[in-house]
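Here are the chains, one letter per residue:
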Amino acid sequence: MSDPSVDTARAQAAKRKILSAYDEPGTHDEITRRTFMANATLAMSGIIGLGLAIPIIGAILPHGGEGAGTWAPLSPSEWKSLQAATEKPVQLSFTLKSKDAYLPPQSINEFVWGIKTTDEKMRKARPDLFTSKGAEVPYPVVNMGFVIFSPICPHLGCRFDYSADQNKFLCPCHGSQYTREGAHIAGPAPRGLDPLPLRERSGAAEVTWIRYAQSTPSRIVVSYTS
Ligand code: FES
């Protein structure tokens with residue numbers, strides 16, 4: 001029969017040996033293997049992270065600069081109604097083809113406002129669109145004798161309407177008011193209406209849809225959509 005005190009001493013010695021194995025630095029081969037595994041894990045994490053980050057960042061970041069959006073055509077009848085415009089602003093409908101990074105392409109019915117005017121009149125009525133304090137627009141404000149306005153109120157994004165009686169654009173949400181040329185004259189909006197690019201191609205008029213940041217005095221591009 002074995003002595004229990006000897007058995008206990010042996011068991012404790014074995015335990016100490018096992019625990020001390022974790023403190024040992026290991027052989028050269030073991031160290032090389034561990035280093036390789038650690039580097040491989042880091043490299044794999046980096047590749048996976050990069051693969052996820054590129055589309056996410058691409059979807060989040062706005063695409064800046066002129067022409068970053070694509071052009072959506074106005075129907076021939078809408079283009080005709082703009083050409084026939086006199087003093088009264090014209091509401092122009094068209095179809096936006098929206099492309100999101102992860103969603104299938106969508107068609108959305110949208111509208112913009114168009115007014116007939118001249119470069120000279122607009123420079124007088126809306127100097128904020130032509131100065132270089134960060135609020136100017138990077139495309140011609142007046143094109144072919146027209147200005148196109150985004151229908152989105154720069155305050156908090158409601159759709160404003162035109163009142164023929166008052167010859168003003170009026171926002172129903174918080175009472176912001178704008179002149180026919182889009183200058184801000186009343187209410188909480190921090191700036192005037194936002195113009196959108198307009199051009200003619202093969203006899204058809206096209207517009208680019210831009211979303212600007214709301215509630216900021218400066219005109220900051222949030223996204224371009226076609
Ligand atoms: S959203 Fe137009 S006034 Fe507030």
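Report follows, based on the coordinates. (Residues numbered from 1 in each chain as written. Predicted model: local features only at pLDDT ≥ 70, side-chain atom pairs only at ≥ 80, totals over all residues.)

## Brief notes about the overall build of the protein chain
Consideration 1: Helix and strand counts for the protein chain come out as 4 helices and 13 strands.
Consideration 2: Counting the 226 residues in the protein chain, one finds 22% classified as buried.
Consideration 3: A separation threshold of at least 6 residues defines the contact pool for the protein chain, and within that pool the share at least 24 residues apart is 55%. (Helix = DSSP H or I, 4+ residues; strand = E, 2+ residues; numbered from the N terminus. Buried ≥ 20, exposed ≤ 12 C-beta atoms within 10 Å, placed from the backbone. Contact = placed C-beta atoms within 7 Å.)

## A few points about the sheet that holds strand β10 (residues 198–201)
Consideration 1: Overall, antiparallel pairing links the 3 strands, which are arranged β1-β11-β10 in an open sheet. Across the chains shown, the open sheet's two edge strands, defined by having one partner strand only, are β1 (72–73) and β10.
Consideration 2: Pairing of β1 with strand β11 (residues 204–207) involves 2 bridges; the strand directions are antiparallel. The residue of β11 that forms the bridge with alanine 72 is valine 207. (Pairing = 2+ DSSP bridges.)

## Structural notes on the pairing of β11
Consideration 1: Burial along β11 is one-sided: Ala205 and Val207 are buried, and none of Ala204 and Glu206, which face the opposite way, are.
Consideration 2: Note that β10 and β11 share 4 bridges and pair antiparallel. Note that in β11 the partner of arginine 201 across the bridge is alanine 204.
Consideration 3: Following β10, the chain reverses through 2 residues before pairing antiparallel with β11; serine 202 in that reversal takes a positive phi of roughly 50 degrees.

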